[in-house]
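Spelled out from the first residue to the last, the chains are:
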Amino acid sequence: MPGNTSAGAATATPGGAERRLDSSAGIAAGFYELMRADVIAGRLVPGQRLSEASLSRQYGVSRSPVREALASLERDGLIERRGLVAHVRQRSADETLDIYQVRIYLEGAIAKDAAQRRHPHDLRRLESALQFGRTVDPTDADALMTANRLFHDALAQASHNTTLIELQDRLTAQVATLPATTLSVPGRWTQAQDEHERISSAVAAGDADTAQGIADQHMTEARDIRMKIYEQDYRA
């Protein structure tokens, strides 16, 4: 029921499914995570108007957690305000290029720190992520994104650099809201998985410069594919 902010309150998503907020995290924090997931998954689509009143009705919560979630999502770069009205953020080609450019620097730094600071359990986590990637159907876009996220999350954790981990999480969420995925381009997943394997090997060997160089190349290629997608869409 709208306005219900008691601990453990159930919320109905725009798609109709009901999910329960984690009372241990608090209604506001739980609702933020719920909305963030819906933006990333595309249940709240780029350009969609987000009013406190309509979101309160859709999710069955009061306006207070909605207001806090919108403020946090704006800081995450997932929504924007046009005057006083919030919308799910739509990114131009130039903005997208900027995100990928930062990711090139970021992933290189993560890989370098991982090679210098990884522990044995980090290498096991990387191998587990790689093994999952070897079994993925290259025609399943959702599975490809999951496998890719598992590897890059494992690599970030191996860096033991909290600032880099937080930045990667924000940028990954922003990239996830873009249309399509570069991993679905024919041949890209095979290439990406090979690059993941080579990064992991360099990390395991403690070769920071090689790990950084491969990660730079990996993200540069992803950027170039994304720009080609934009060019194709523009011509269409």
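Scroll up for the structure.
Right, let's walk through the structure included here. The structure displayed is predicted, hence computed values, not measured ones. (Residues numbered from 1 in each chain as written. Predicted model: local features only at pLDDT ≥ 70, side-chain atom pairs only at ≥ 80, totals over all residues. Heavy atoms only, no water.)

1. Concerning the pairing of strand E4 (residues 79–82)
Next, step 1: For E4 and strand E5 (residues 85–88), the ladder comprises 4 bridges, and the chain directions are antiparallel. Across the sheet, glutamate 80 pairs through a bridge with histidine 87, a residue of E5.
Next, step 2: Linking E4 to E5, which pair antiparallel, is a turn of 2 residues; within it glycine 83 sits at a positive phi near 70°. (Pairing = 2+ DSSP bridges. Helix = DSSP H or I, 4+ residues; strand = E, 2+ residues; numbered from the N terminus.)

2. Regarding the side chain of threonine 182
Next, step 1: Following the sequence through the fold, threonine 182 ends up in the loop between helix H7 (162–176) and helix H8 (188–205).
Next, step 2: With relative accessibility at 7%, the residue threonine 182 sits in the buried group. (Buried < 20%, exposed > 50% of the residue type's maximum accessible area, 1.4 Å probe, protein only.)

3. Overview of the pattern of salt bridges
Close approach of charged atoms lets side chains of opposite charge pair.
Next, step 1: Summed over all chains, the structure comprises 18 salt bridges.
Next, step 2: With a shortest N-O distance of 3.8 Å, aspartate 76 and arginine 36 are connected by a salt bridge. With aspartate 76 in the loop between helix H3 (63–75) and E4 and arginine 36 in helix H1 (residues 27–41), the pair connects residues that are 40 residues apart, well separated along the chain. For the pair aspartate 76 and arginine 36, one class covers both residues: buried.
Next, step 3: Residue arginine 67 pairs with glutamate 52 through a salt bridge whose shortest N-O separation is 3.2 Å. Remark: glutamate 52 occurs in helix H2 (residues 52–59) and arginine 67 occurs in helix H3; sequence separation between them is 15 residues.
Next, step 4: Look at the salt bridges and you will find they share partners, linking Arg36, Asp76, Arg149, Asp153 and Asp169 into a network. (Salt bridge = Lys/Arg side-chain N within 4 Å of Asp/Glu carboxyl O.)

4. Examining the pairing of E5
Along a regular strand, successive side chains alternate from one face of the sheet to the other.
Next, step 1: As paired strands, strand E3 (residues 49–50) and E5 are joined by 2 bridges and run antiparallel to one another. If you follow leucine 50 over to E5, its bridge partner there is alanine 86.

5. Digging into the layout of surface pockets
Next, step 1: Of the pockets and cavities examined, the largest pocket occupies roughly 670 Å³.
Next, step 2: Elements supplying a minimum of two residues to the lining of the largest pocket: H1, helix H4 (93–117), helix H6 (141–159), H7 and helix H9 (208–235).
Next, step 3: Tallied by class, the residues present in the lining of the largest pocket amount to 16 nonpolar, 10 polar and 7 charged. (1 Å grid on protein atoms, 1.4 Å probe; cavity = no way out; pocket = protein on both sides within 12 Å on 5 of 7 lines; lining within 4 Å. Points joined across faces, edges and corners; volume = space filled by probe spheres on them. Nonpolar A, V, L, I, M, F, W, Y, C, P; charged D, E, K, R; others polar.)

6. A few points about the environment of serine 200
Next, step 1: Locating serine 200 in the fold gives a position in helix H8.
Next, step 2: Separated by 49 residues in the primary sequence, serine 200 and phenylalanine 151 have C-alpha atoms spaced 9.3 Å apart.
Next, step 3: Not counting chain neighbours up to four residues away, the residues in contact with serine 200 comprise Leu126, Leu130 and Phe151. (Contact = heavy atoms within 4.5 Å.)

7. Notes on the packing of aromatic side chains
Next, step 1: Within the structure shown, the criterion is met by 1 aromatic pair.
Next, step 2: Between phenylalanine 31 and tyrosine 59, the ring centres sit 5.1 Å apart and the planes meet at 85°, which makes this aromatic pair edge-to-face. One end of the pair, phenylalanine 31, is in helix H1; the other, tyrosine 59, is in helix H2, and 28 residues separate them in sequence. (Phe/Tyr/Trp six-rings, centres within 6.5 Å; stacked < 30°, edge-to-face > 60°.)

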